[in-house]
Amino acid sequence: MNRYIGRVLDERFVDRQKQPDGKQQKHVIDLALTTYLKEVKGSTGSDSRVDKMDPDFRAGAIANIKTFVFAGHDTTSSTICYCYNYLSKNPAMLAKIRAEHDSIFGPDPASAAQAIKADARLLNRLEYTTAVIKEVLRLQPPASSIRVGEEGYIPRRSCFHRQITDSLFSFFIHDPATGQAIHTKDLMLWPVDVGLHRSPLWGDPHTFRPARFLDPSTNTSAYVPFSKGPRNCIGQELAMIETKVILAMTIRSFEFEAAYAELGSKELKGDGSGYPSDTSGVQEMWGDEAYQIQLGTAKPREGMPCRLRRRKETSN
């Protein structure tokens, strides 16, 4: 993968040098090269060509592009699996999302791809679908982030308390049970999304209820599936679009059913997937068999074994 991405990066670097005034692209590689070339030319005060790519920049660019390729697809695929799972367990919600797709893309599921290709703005009309995805991300966030606590840093709208000492801003987090103040300087701060998303403040935190995201009175200040602030997920819009597109192209054509009851079967034991088909450990969490495990990013336990059937009620 390093060799492949490196080769593409080198080719784009050469192409941009040949056509420095050409139309700018918004691909991640081009954005990285644009920033790099601006910094190099700015530091030298020269408008001339940059004939050689800095090795440190090249290595860093390859590492970050891999993050886009793997992390983006990995987390999005887990979210899509959970969409199928929750909707299959809630027939009324499944019927509602299918009805929304019928009304926006037409009654034939096979026409959804062409409809989106002809007018991608149709995806913006998927209000209930968006609410479903948001609720899935609330219950099963695939990743989180960390921050560094330090003097002089003022997080906005956070749970941190500010105290002024010796003309410096010092920040503390507080134990909700004892009220004890803990200084954050030199600490790594991890706002755990699972704890925030399943807080009693949601009212029914363990219930799958997409309608909460259609209610303007819902307080979403503790909703952080993509983190918040200047270091939030750079790929969140892409993830939402990908998930909408895949649901639009599949949710009316297939019936999904989780198959955790079959974990001990011959079909799943030693199937080459890398999952152990374990029937002796923890089988449920918060009443859900498909609880998350940490495997790179958070993923459905056992990879979410399932039965998938073509839906008979589709028009084709």
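Remember, it's a predicted structure, so these values are computed and weren't measured experimentally. (Residues numbered from 1 in each chain as written. Predicted model: local features only at pLDDT ≥ 70, side-chain atom pairs only at ≥ 80, totals over all residues. Heavy atoms only, no water.)

**Student:** Please provide a residue-by-residue account of the overall build of the protein, values included.
**Tutor:** Within the protein one finds eight helices and nine strands. Taken across its 316 residues, the protein has 36% of its residues classed as buried. Here the contacts in the protein between residues at least 6 apart in sequence split such that 67% fall between residues at least 24 apart. (Helix = DSSP H or I, 4+ residues; strand = E, 2+ residues; numbered from the N terminus. Buried < 20%, exposed > 50% of the residue type's maximum accessible area, 1.4 Å probe, protein only. Contact = heavy atoms within 4.5 Å.)

**Student:** Talk me through the packing of helix α6 (residues 127-139) against helix α8 (residues 236-250); I want residue IDs and the actual numbers.
**Tutor:** Where α6 meets α8, the closest approach of the two axes is 10 Å, and the angle between their N-to-C directions is 120°. Between α6 and α8, the angle is such that the two are oblique. Read as a crossing pair, α6 and α8 show a hand that is right-handed. Each of T129, T130, I133 and L137 in α6 lies in contact with α8, whose residues at this interface are M240, T243, K244 and L247. Here the contact of α6 with α8 is composed, by residue class, of four nonpolar, three polar and one charged. (Axes fitted to C-alpha atoms, helices over the stretch in contact; angles between N-to-C directions. Parallel < 35°, antiparallel > 145°, perpendicular 65-115°, else oblique. Left-handed = near helix turned anticlockwise from the far one by under 90°. Nonpolar A, V, L, I, M, F, W, Y, C, P; charged D, E, K, R; others polar.)

**Student:** Explain the nonpolar core to me, and be specific about the residues and the numbers.
**Tutor:** Counting 31 residues, the largest nonpolar core has L87, I97, V132, V136, F208 and I251 as its most contacted members. Of all the elements in the fold, those that place two or more residues in this core are α3 (55-88), α4 (91-105), α6 and α8. When residues in this core are grouped by element, the largest group, seven residues, is from α6. Apart from the residues within four sequence positions on either side, I251 is in contact with Y84, L87, L94, I97, R98 and H101. Listed in part, the 13 residues of the second largest apolar core include I5, L9, Y36 and V50. (Core = buried A, V, L, I, M, F, W, Y, C linked by side-chain atoms within 4.5 Å.)

**Student:** Any chance you could break down α8 for me, citing the residues and the numbers?
**Tutor:** Here α8 spans 21 Å end to end across 15 residues, near enough to the 21 Å set by a 1.5 Å rise per residue. Within the span of α8, buried status applies to Q236, A239, M240, T243, K244, L247, A248 and T250. (Expected span 1.5 Å × (residues − 1).)

**Student:** Can you break down the packing of aromatic side chains residue by residue, with the values?
**Tutor:** Within this structure, the stated rule accounts for seven aromatic pairs. On the basis of an interplanar angle of 75° and a centroid distance of 6.5 Å, the ring pair of W202 and Y223 is categorised as edge-to-face. With a gap of 21 residues between them, W202 in the loop between α7 (193-197) and α8 and Y223 in the loop between α7 and α8 connect regions that are remote in the sequence. Both residues of the pair, W202 and Y223, belong to the buried class. Following the ring pairs from residue to residue traces out a cluster consisting of Y82, Y86 and F208. Here the guanidinium or amino end of R138 rests over the ring plane of W202, the centre of that ring lying 5.2 Å away. (Phe/Tyr/Trp six-rings, centres within 6.5 Å; stacked < 30°, edge-to-face > 60°. Lys NZ or Arg CZ within 6 Å of the ring centre and 35° of its normal.)

**Student:** So what about the side chain of T243? Which residues, and what values?
**Tutor:** Within the element layout of this structure, T243 appears in helix α8. By relative accessible area, which is 2% here, T243 ends up buried. Excluding residues that lie within four positions of it along the chain, T243 makes contacts with T76, I80, C83 and I133.

**Student:** Tell me about the pairing of strand β8 (residues 297-300), residues and numbers included.
**Tutor:** Across four bridges, strand β7 (residues 292-295) lies against β8 in antiparallel orientation. Following the sheet pairing, I293 is matched in β8 by K299. Counted between consecutive antiparallel strands, the loop separating β7 from β8 contains one residue, among which G296 sits at a positive phi close to 85°. (Pairing = 2+ DSSP bridges.)

**Student:** How would you summarise the environment of I5 if you had to cite specific residues and measurements?
**Tutor:** Turning to its location among the elements, I5 is positioned in helix α1 (residues 2-18). Separated by 61 residues in sequence, I5 and K66 place their C-alpha atoms 8.0 Å apart. Apart from residues no more than four positions distant in its own chain, I5 is found in contact with I62, I65 and K66.

**Student:** Hey, could you go over the packing of α4 against α6 for me, with residue numbers and the actual values?
**Tutor:** Orientation of α4 relative to α6, taken along the N-to-C sense of each, is 140°, at an axis distance of 8 Å. Considering the angle they form, α4 stands oblique to α6. Mapping the contact onto sequence places M93, K96, I97, E100 and H101 in α4 and E127, Y128, T129 and V132 in α6. Across the contact of α4 with α6, the residue classes break down as four nonpolar, two polar and three charged.

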